[in-house]
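Given next are the chains, with one letter for each unit.
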Amino acid sequence: MGCRSELSSWKALEQSATKLKQQHLKTLFAQDQARFAKFSSQIPGVLYDYSKQLIDEEVFSQLISLAEQTDIATWRSKMFSGEKINFTEQRAVLHVALRNRSNSPVMVEGEDVMPLVNAELAKMKAFTEKVRGGQWLGYTKKSVKDVVAIGVGGSNLGPQMVTEALKNYADDTLNVHYVSNVDGVQLAGVLNNLNPETTMFVISSKTFTTSETMTNARSAVKWFLRHAQSQEAIAKHFVAVSTNLEKTREFGIADENVFTMWDWVGGRFSLWSAIGLPIALYVGFERFLEVLEGAFEVDEHFKHASFDKNIPLIMAMLSVWNTSFLGYTAQAILPYDQALHMLPAYLQQGEMESNGKHVTFAGETVPYTTVPLIWGMTGINGQHAFYQYLHQGNTIVPADFIASLKPQVEVGQHHDILLSNFFAQTEAMMAGVDEQQVRADLAAKGKSEQEIEQLLAHKIHQGNRPTTSILLDVVDAKAIGRLIALYEHKIFCQGILLQICSFDQWGVELGKGLASAIEAELTKEGVSNPHDSSTAGLIAYYKNNR
Ligand SMILES: O=P(O)(O)OC[C@H]1O[C@H](O)[C@H](O)[C@@H](O)[C@@H]1O
């Protein structure tokens, strides 16, 4: 298997990039009235408009050729049929099985995993209904009021992001609090306000070895036992989600209180599994199922839509075009919907942990930039913070703008104001403001010729900044499921187009081990290991002055 850059489609795209860099989006729009119709695609509940990306029909067809030449369709079937496409860890990649609402068999090593998936869903349903219904009683026979979800990375970001997105659909049955940071301040801040008699802890860790999560979990047990004073009470207040039964037992959680997942569910793709338990506890199991249903709709679209209408594939092709060909090495995620305020953080892990890598399937260094730096925040807040850079900085950052037709809560005219910003920003980033217009605007304001000359260069906006607009109907359970699944399949396609192994994370594994050696040095009697002078100096300063 040769390197992607040897493919004829890759070479054609390189040539096109040289041409397109001379083009202006404004001209492309002026030349073709049908541009929006040509470069947009729809599925129920989602309009995806990529007409403000710096492409033309030739580039689009070259990108489709790249998708064909890289065998996207074959890889897609391999994923859905449980082949071990995570080959550095010898695992299947089957988060799609977790939301397979058709229930058709999904085979892993000759075994249909759907009965396992359904059994776990049934266990989640029974547990959720018992806790939410007030029948699950704590050690003083009181029902649960607060859930503390302890986990980090994929065992935190997905559930917390969805919980935040669906806040407006929750009743006041339960509060859910998330603790991910090993900075004890976060745990203390949450526990300070809680009553142990009515608190349930969900310890989520695929491996049940992640140091931050285990530290928080142990501190939570200590806090709990200080009040409950009885080891047996733990069974009524601690449940776990993990693949590692040995470790959950060792920790003291009874098997019946452990929700399981499987090694074919990657951490960053795990919110559809029992890792999503805090979501179900918060908004109810039926709504959690709707999240799965929304994702399942997208799985079907991804499997069956032709390449030229296949939204996740187009998202991936555009990312590769922008990053590897046009040289734009960052991408902003800008939700114009408060419900999606955690989406940028979630997608940072999704995309960068998956594809932030530099070797091909065969382990050779790739000669192109792989994925961009993903960053962002809610669009309106961003407008008053970093949009200056987006409009006039001397690097170009393509952006995904995401909004909804309807707000979760109608408040006066707020939504029209919000959406007028959403439309205006992408228009401005595309068209810019040229010299003629700046001159006319300043003259209309009564500025003198001299003042105009002084201001001119500062007020010109070059535009030509690529954006994509995604319009959802309203952010509800199905919509959030759809949106996440679109990005997940985008990440999958990106990996194939770039020939990157998307499903391992050796860089993070390295980080997991690094701190533990230093941890021992930090005790009073800890012996210092050899370090560079900076690290040694910092550790010494910490030990001597804390
Ligand atoms: O669920 P855990 O085993 O505790 O792992 C939590 C997280 O650990 C690391 O950061 C991995 O890179 C993530 O993918 C994973 O989600």
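Residues numbered from 1 in each chain as written. Predicted model: local features only at pLDDT ≥ 70, side-chain atom pairs only at ≥ 80, totals over all residues. Heavy atoms only, no water.

Undergrad: Could you give an account of the nonpolar core, with specific residues and numbers?
TA: Counting residues in hydrophobic clusters, the biggest one holds 126 residues, and the most contacted among them are Trp264 and Trp321. For this core, the element with the most residues is helix α22 (residues 477-498), which contributes twelve residues. Three or more residues apiece are contributed to this core by two domains, here domain 1 (4-69 + 305-431 + 465-498) and domain 2 (105-289). By size, the runner-up hydrophobic cluster in this structure holds 23 residues, among which are Ile150, Leu194, Ala220 and Phe238. (Core = buried A, V, L, I, M, F, W, Y, C linked by side-chain atoms within 4.5 Å. Buried < 20%, exposed > 50% of the residue type's maximum accessible area, 1.4 Å probe, protein only. Helix = DSSP H or I, 4+ residues; strand = E, 2+ residues; numbered from the N terminus. Domains from an automatic or database assignment.)

Undergrad: Kindly report on the UniProt feature "active site" (unreviewed entry) in the protein, identifying the contributing residues and their values.
TA: Under the local residue numbering, the UniProt record ascribes the feature "active site" (unreviewed entry) to Glu353, His384 and Lys512. These annotated residues cover 160 residues of sequence, and their C-alpha atoms sit far apart, with the largest distance between any two at 36.2 Å. Position of Lys512 relative to the elements: it lies in helix α23 (residues 506-521). Classification of Lys512 by relative accessible area gives partly exposed; the value is 44%. Once residues within four sequence positions are removed from consideration, Lys512 is found in contact with Thr207 and Thr210. (UniProt positions renumbered as here; feature names shortened; annotations may be inferred. Contact = heavy atoms within 4.5 Å.)

Undergrad: Describe the pattern of salt bridges, and please don't skip the residues or the numbers.
TA: Evaluated as defined, the whole model comprises 22 salt bridges. Of the charged contacts in the structure, one is a salt bridge between Glu58 and Lys19, with a shortest N-O distance of 3.2 Å. Taken as a pair, Glu58 in helix α4 (residues 57-69) and Lys19 in helix α1 (residues 8-20) lie far apart in primary sequence, 39 residues in all. On the accessibility criterion, Glu58 (39% relative accessible area) is partly exposed. Judged by its relative accessible area of 47%, Lys19 falls in the partly exposed class. Put simply, Asp434 and Lys26 hold a salt bridge, and the shortest N to O gap is 3.5 Å. Highlighted residues: Asp434 in the loop between α19 (414-431) and α20 (435-444) and Lys26 in helix α2 (residues 25-31), separated in sequence by 408 residues. (Salt bridge = Lys/Arg side-chain N within 4 Å of Asp/Glu carboxyl O.)

Undergrad: Please set out the sheet that holds strand β7 (residues 199-204) residue by residue, giving values where relevant.
TA: Strand order in the open sheet formed by five strands is β6-β5-β7-β8-β9, and the pairing between neighbours is parallel. Two strands lie at the open edges of the sheet, namely β6 (175-179) and β9 (258-260), each paired on one side alone. For this sheet, the mean inter-axis angle between neighbouring strands, taken without regard to orientation, is 20°. Note: β7 against strand β8 (residues 238-242), four bridges, orientation parallel. Residue pairing for β8: Ser204 is matched across the bridge by Val241. Those strands touched by helix α10 (residues 211-228) are β5 (146-150), β6, β7 and β8, and its axis lies near 160° from that of β7. (Pairing = 2+ DSSP bridges. Axes fitted to C-alpha atoms, helices over the stretch in contact; angles between N-to-C directions.)

Undergrad: Before we move on, could you go through the pairing of β6 and cite the residues and values that matter?
TA: Remark: a regular strand shows side chains that alternate across the two faces of the sheet. The sheet contact formed by β5 and β6 spans five bridges and is parallel. Counterpart to Ala149 in the pairing with β6 is Tyr178. Assessed by its sense of winding, the connection that carries the chain from β5 through helix α8 (residues 157-165) to β6 is right-handed. (Right-handed = clockwise from strand over helix to strand, strands pointing away.)

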